[in-house]
Amino acid sequence: IVYRSRAKGISQSTSQKDIGALLGISDKVESTEVLFSEEFVEKSIQLKRERQLRQARLQNSNPNALVVSTEPEYASLKNIYRIKLKEEVLNIQGLAADLASKENVEYAEPNYIFSVNDFTIDSEIIYDEELSAYEDEVTLNDPLYSQQSNITQANIDDVWDAYGTGDGSQIVAVLDTGVDYTHPDLEDNIWINQAELNGVEGYDDDGNGYIDDIRGWDFINLDNAPLDDNMHGTHVAGIIGAVGNNGIGISGAVWNVKLMPIKVFQSNGTGNSATIASGVEYATNNGATIQNMSFGSYAESFTLKAALETAYATSVLVGAAGNDKICIGPGFCPDRKLSAPLYPGAYTYVLGVEDSNGAYDNYDQDGPIFSGYSNFLNYEVKAAGSAIMSTVPGGGYRALTGTSMATPLVAGAIALYNEQKPGDSKELLFGNLINTSGSGINIKAAIDITPTPLLKVLGADTSDVIEGQNGNEYLEPGETINIIPNIKNYWGPSEDVRIGIEFAEFEDETKAEIITSEAQIGSITAYANLKRS
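Here is what the cut-offs are and how they apply
- Residues numbered from 1 in each chain as written.
- Predicted model: local features only at pLDDT ≥ 70, side-chain atom pairs only at ≥ 80, totals over all residues.
- Heavy atoms only, no water.
- Helix = DSSP H or I, 4+ residues; strand = E, 2+ residues; numbered from the N terminus.
- Rg over C-alpha atoms; globule rule 2.2 N^0.38 Å.
- Buried < 20%, exposed > 50% of the residue type's maximum accessible area, 1.4 Å probe, protein only.
- Contact = heavy atoms within 4.5 Å.
- Areas by Shrake-Rupley, 256 points an atom, 1.4 Å probe, with all protein chains shown as cover.
- Lys, Arg positive; Asp, Glu negative; His and termini not counted.
- Charge placed at Lys NZ, Arg CZ, Asp CG, Glu CD.
- Expected span 1.5 Å × (residues − 1).
- Phe/Tyr/Trp six-rings, centres within 6.5 Å; stacked < 30°, edge-to-face > 60°.
- Lys NZ or Arg CZ within 6 Å of the ring centre and 35° of its normal.
- Pairing = 2+ DSSP bridges.
- Axes fitted to C-alpha atoms, helices over the stretch in contact; angles between N-to-C directions.

Draft legend 1. Inspection of the overall build of the protein chain at higher detail. Scanning the protein chain for helices and strands turns up 12 helices and 22 strands. Relative to the compact-globule value of 24 Å for 533 residues, the protein chain shows a C-alpha radius of gyration of 25 Å, a close match. Referenced to the eigenvectors of the C-alpha coordinate spread, the extents of the protein chain come out at roughly 85 × 60 × 45 Å. Counting across all 533 residues of the protein chain, residues that qualify as buried make up 53%. Partitioning the intrachain contacts of the protein chain with sequence separation of at least 6 by distance along the chain shows that 75% fall at a separation of at least 24. As presented, the protein chain carries roughly 22600 Å² of accessible surface, and 48% of it is formed by carbon and sulfur atoms. Across the protein chain, the 34 positively charged side chains and the 76 negatively charged ones have centroids separated by 8 Å.

Draft legend 2. Quick look at helix α10 (residues 403–420). With 18 residues, α10 extends 26 Å between its outermost C-alpha atoms, agreeing within 8% with the 26 Å of an ideal straight helix rising 1.5 Å per residue. The buried fraction of α10 amounts to 17 of the 18 residues, a majority that puts the element mostly inside the structure.

Draft legend 3. Structural detail: the packing of aromatic side chains. Using the criterion set out here, one finds 16 aromatic pairs in the structure. Relative to Tyr-282, the ring of Trp-191 lies with its centre 6.4 Å away and its plane at 90°, an arrangement referred to as edge-to-face. With Trp-191 in the loop between β8 (171–176) and α6 (194–197) and Tyr-282 in helix α8 (residues 273–285), this residue pair connects regions lying 91 residues apart in the sequence. There is no split in this pair, since Trp-191 and Tyr-282 are both buried. Between Tyr-210 and Tyr-282, the aromatic rings sit 5.1 Å apart at their centres with planes inclined by 80°, giving edge-to-face as the arrangement. Residue Tyr-210 is found in the loop between α6 and β9 (217–218), and its partner Tyr-282 is found in helix α8; the two are separated by 72 residues along the sequence. Tyr-282 carries the same exposure label as Tyr-210, and that label is buried. One aromatic cluster in this structure is built from Trp-191, Tyr-210, Trp-217, Phe-219 and Tyr-282. A cation over an aromatic ring shows up here: Lys-488 above the ring of Tyr-490, its NZ or CZ 5.3 Å from the ring centre.

Draft legend 4. Quick peek at unusual backbone geometry. A cis amide bond, omega 10°, links Gly-329 with the succeeding residue Pro-330. If you trace the backbone, Pro-330 turns up in the loop between β13 (316–320) and β14 (350–355). For the peptide bond that leads from Tyr-343 to Pro-344, omega is 5°, which places it in the cis range. Tracing the backbone through its elements, the reader meets Pro-344 in the loop between β13 and β14. The residue Asn-245 is not glycine, and still its phi comes out positive at about 60°. Relative to the helices and strands, Asn-245 resides in the loop between α7 (232–241) and β10 (258–263).

Draft legend 5. The arrangement of the sheet that holds β13 in detail. If you walk across this open sheet you meet the seven strands as β9-β10-β8-β12-β13-β14-β15, and the pairing is parallel. Lying at the two open borders of the sheet, with one neighbouring strand each, are β9 and β15 (381–383). Its contacts with the sheet put α8 on β8, β9, β10 and β12 (290–293), and the angle it makes with β10 is roughly 155°.

This is the structure:
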């Protein structure tokens, strides 16, 4: 169980509280731990304060409007605990609900299971000695490059020609089953923690809480060797950043990049929300500019969500849409299946990636420019994910299919984007990717495009509380109704936004009076929401 306390003054360094006694479940608790470090907690609190100040400034500049950015609300990470129970609880949801009802608990949830297991295998493993069979098909000098149509479909090769193949400035965290960082097509692009490499063995030289974490961290085995014992993570890493034009294997989307291996999934492809959240924290605290999340769950974890909100401030977050042919919703899908968003890819501040070539993948039935959810859940982009050739442990190569394979192509493309457009906000990046996509992302067009505003009215709330009315939420004859529109800007920043209301063509204009036909909204930043009050 993971829970967040309302108590004050608790932090990782000072907490000595008996959590079992505090919750009244001492007989069930084997151990407890504070989940996040003091550094990460302070970062979340500061981000929350800064967002509140931005909102206050916007409100003061335009008292009739509330601008709500696509950026998250930045929940505080203070007082979040992971509780290990002594024995299996038959009704874990019931226990979590009981704990959540206590006065000193803000939320409690099971430690939800996430999975990478829904990919399919499309080929046998190809090893180095077999690569010569492909040499007559080579475009670059990577023997398997001719099989990488995913690169050309996303126009990544055009970015290479126009702007270069990567300058090594981007750190991409691979939150997965680990990475074979000894693979000859990956080892030159593995992130190295220089402080630990050049430090004292057995000592936490950089003070980040992890000893000798030279190449990332293994949160499953709790050691500094995040090697892949599944193949999923190594395959994902190769799609992002296998060394290009080195005469072996494949080419990654970006040839010169720093791949940060973070093992948060077991060899069977399953992991839990608290462990993944710890991996997100590690990636964020150690400078990841992009975090690749080729996994998902239909259960929403508030713990992981809170960690991702803090990570969003410094990392572009990219997540898989999933492979079950289920629409994001809400309600029923076009085929009458019940919809369900897959987390974390569904969050509006995570780029959710579908497969542009697949008929198996989860999908956003109304596209990325609309959401029927009040929190704007969406899958935003598509990329090739079917029969994708990439690296596997032991120096081999294999073709796999899944949105797990489409997601790292987007992550690698974003690394190239960030190098050319370092001043762009994440919101502008999202808008440029979405609005230059066809059947899949076109990263060259996203880099080259000049953004323009793209405004949509998503809906409106109504209120009957003005002028001393009863406020019963029913629109009754004789009442004056305040209509509060909700507007989304899906692309470039806009100024002097105005919104109007009028009768439809055949409506009876004697039944109502429009008192204010047009209202000035003000400006809306890139990829942001606005609600006029």
